[in-house]
Amino acid sequence: MSTFIEQTGYIAVLVEGNPAPTFKFYKGMTEIIEGGRYKFLTDGDTNTITLCIRKIKPNDEGKYKIIVSNCHGEDSAETQLYVGGKRTFMVYKHPRMETLSSLYQ
């Protein structure tokens, strides 16, 4: 995935669980709170959680993590966001970034 600086970048994760899991996104060790340039989108029809980062900047570069949990357990996935000159590149380092394991009992 790639996007241009000053445009919106997306990190989308497919998540399944019953009951529906809660989630938290992190950049490095810092929890990302929705607001400002950050927006969380959830789609129950596609079981997708998306982190939207508006107006990508060079300091957005780094490791991103999502932790999902429900009463049956917890799972996580990480990805690295690289920001270069005029383009932004998201490189998936974790094999489960696009589909986390199900949290079913």
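See the structure printed just above.
Keep in mind that what you see is a predicted model, and the values were worked out from it rather than measured.

**Concerning the layout of surface pockets**
There is about 220 Å³ of room inside the largest pocket. If you trace the largest pocket, you find 13 residues lining it, with V15, A20, P21, G44 and N47 closest to the centre. For the lining of the largest pocket, the secondary-structure elements that each account for two or more residues are strand 5 (38–43) and strand 6 (48–53). Here the lining of the largest pocket is built from residues that sort into six nonpolar, five polar and two charged.

**A few points about the packing of aromatic side chains**
As enumerated under the stated definition, the model contains three aromatic pairs in all. With a centroid separation of 5.9 Å and 75° between ring planes, the pair formed by F23 and F25 is classed as edge-to-face. Given the relative accessible area of 24%, F23 is considered partly exposed. Owing to a relative accessible area of 1%, F25 belongs among the buried residues under this scheme. Seen from the ring of Y38, R37 lies directly overhead, with NZ or CZ sitting 5.7 Å from the centre.

**Regarding the pairing of strand 6**
With respect to burial, strand 6 is a largely interior element, five of its six residues being buried. The pairing of strand 2 (residues 9–14) with strand 6 spans six bridges and is classified as antiparallel. Bridge assignment links L14 to a residue of strand 6, and that residue is T48. Taken together, the six bridges between strand 5 and strand 6 define a ladder with antiparallel strand orientation. What sits directly across from F40, in strand 6, is L51. Taking the residues between adjacent antiparallel strands as the criterion, strand 5 and strand 6 are bridged by four residues, where N47 takes a positive phi near 55°.

Reading guide: rules and limits
- Residues numbered from 1 in each chain as written.
- Predicted model: local features only at pLDDT ≥ 70, side-chain atom pairs only at ≥ 80, totals over all residues.
- Heavy atoms only, no water.
- 1 Å grid on protein atoms, 1.4 Å probe; cavity = no way out; pocket = protein on both sides within 12 Å on 5 of 7 lines; lining within 4 Å.
- Points joined across faces, edges and corners; volume = space filled by probe spheres on them.
- Helix = DSSP H or I, 4+ residues; strand = E, 2+ residues; numbered from the N terminus.
- Nonpolar A, V, L, I, M, F, W, Y, C, P; charged D, E, K, R; others polar.
- Phe/Tyr/Trp six-rings, centres within 6.5 Å; stacked < 30°, edge-to-face > 60°.
- Buried < 20%, exposed > 50% of the residue type's maximum accessible area, 1.4 Å probe, protein only.
- Lys NZ or Arg CZ within 6 Å of the ring centre and 35° of its normal.
- Pairing = 2+ DSSP bridges.

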